[in-house]
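So the chains spell out like this:
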Amino acid sequence: MKKQLIAGNWKMNGSLVTNEALVNALAAGVGSAQCQIAVCVPSPYLAQVRGLVSGTGIDVGAQDVSVHESGAYTGEVSAGMLRDFGVRYCLVGHSERRQYHGETDAVVADKAQRALAAGVTPIVCVGETLAERETGRTEEVVKRQLAAVVHTNGHCISEIVVAYEPVWAIGTGKTASPEEAQQVHAVLRAQLRAATPKADRVLILYGGSMNAANAAQLLSQPDIDGGLVGGASLKPADFLSIIAAAH
Ligand code: PGA
């Protein structure tokens, strides 16, 4: 059976000192974990965290990647550079990138392609806003977002990780109920099945205020294969509880 993945998204948080304390606390507590674990950290800390997680079974992820391969793109970080630092995963199309940096479905799809080409697994984030949910457009929105990635990546689509993150649940303390989340995950699974015979291998994570109290129920849904965890991933005890709830 495939192992679930619990990925922390540190967002723009951390320092050399706090990262070390956080990762050491995680390393001390993950001994009996049944699932895969990753932490997606700010780019300047990739080297530090790679060193800290060495031998712990925790993988390192980045939070974004350039849509370009190399060249005159000041400030950008390429997929090849991430690979150079032993990065296993890269978030792509997080709603904060879509919202604050104008990332379109096409850009997100191209970023996923760059990551895959460099041997980095993209964690492609999709999710509806509150207004979209309230007007009954959830399915339409997540299907459109995933369709762009399927279209651009063809048969490689089975190599991605998907994260369903309802925008209204991110950082708000409001979580989709396990049933609400499962419903959307099932839609995404069906869409993947139409695209690849290996759809059942694709991990579909839930993200949005996942915490120690709600993780077990969310992670027991048939199409929820892990979690993308923001706020709670900065608190070692909380993150470890989520990891313990995964299999
Ligand atoms: P949250 O963030 O767990 O703090 O809601 C999740 C995310 O944005 O990936």
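Residues numbered from 1 in each chain as written. Predicted model: local features only at pLDDT ≥ 70, side-chain atom pairs only at ≥ 80, totals over all residues. Heavy atoms only, no water.

## A short note on the nonpolar core
As a rule of thumb, soluble globular proteins bury nonpolar side chains together.
Link 1 in the chain: Grouped together as the largest cluster of nonpolar side chains are 64 residues, with contacts concentrated most on Ile6, Val49, Val162, Leu188 and Tyr206.
Link 2 in the chain: When sequence neighbours within four positions are dropped, the list of residues in contact with Leu188 reads Val126, Val142, Leu146, Val162, Tyr164 and Ile204.
Link 3 in the chain: Of all hydrophobic cores here, the second largest spans 13 residues; its members include Leu5, Cys40, Ala163 and Leu203. (Core = buried A, V, L, I, M, F, W, Y, C linked by side-chain atoms within 4.5 Å. Buried < 20%, exposed > 50% of the residue type's maximum accessible area, 1.4 Å probe, protein only. Contact = heavy atoms within 4.5 Å.)

## Some thoughts on the site of the ligand
Link 1 in the chain: Near the ligand, the surroundings consist of 13 residues, among which Lys11, His94, Glu165, Gly171 and Ser209 are the closest.
Link 2 in the chain: Contact between the ligand and Lys11: an oxygen atom at 2.7 Å from a side-chain N or O atom of the residue.
Link 3 in the chain: Between an oxygen atom of the ligand and a main-chain N or O atom of Gly230, the distance comes to 2.8 Å.
Link 4 in the chain: Bound to the protein, the ligand loses 94% of the 280 Å² it would expose on its own.
Link 5 in the chain: For the shell around the ligand, the per-class residue count stands at 4 nonpolar, 7 polar and 2 charged. (Near = heavy atom within 4 Å. Polar contact = N/O pair within 3.5 Å; in protein donor to acceptor, adjacent residues only side chain to side chain. Areas by Shrake-Rupley, 256 points an atom, 1.4 Å probe, with all protein chains shown as cover. Nonpolar A, V, L, I, M, F, W, Y, C, P; charged D, E, K, R; others polar.)

## Remarks on the sheet that holds strand S3 (residues 58-62)
Link 1 in the chain: With parallel pairing, 8 strands are arranged side by side around a closed barrel as S1-S2-S3-S4-S5-S6-S7-S8. The sheet shows a mean angle of 25 degrees between the axes of neighbouring strands, direction not considered.
Link 2 in the chain: Pairing of strand S1 (residues 5-9) with strand S2 (residues 36-40), which is carried by 5 bridges, proceeds in the parallel orientation. Within S2, the residue paired with Leu5 across the bridge is Gln36.
Link 3 in the chain: Contacting S2 and S3, helix H2 (residues 46-53) runs over the sheet at an angle of about 170 degrees to S3.
Link 4 in the chain: Against the sheet, helix H10 (residues 236-245) touches S1, S2 and strand S8 (226-229), its axis set at about 160 degrees to S1. (Pairing = 2+ DSSP bridges. Helix = DSSP H or I, 4+ residues; strand = E, 2+ residues; numbered from the N terminus. Axes fitted to C-alpha atoms, helices over the stretch in contact; angles between N-to-C directions.)

Geometric descriptors of this kind do not, in isolation, establish any biological role.
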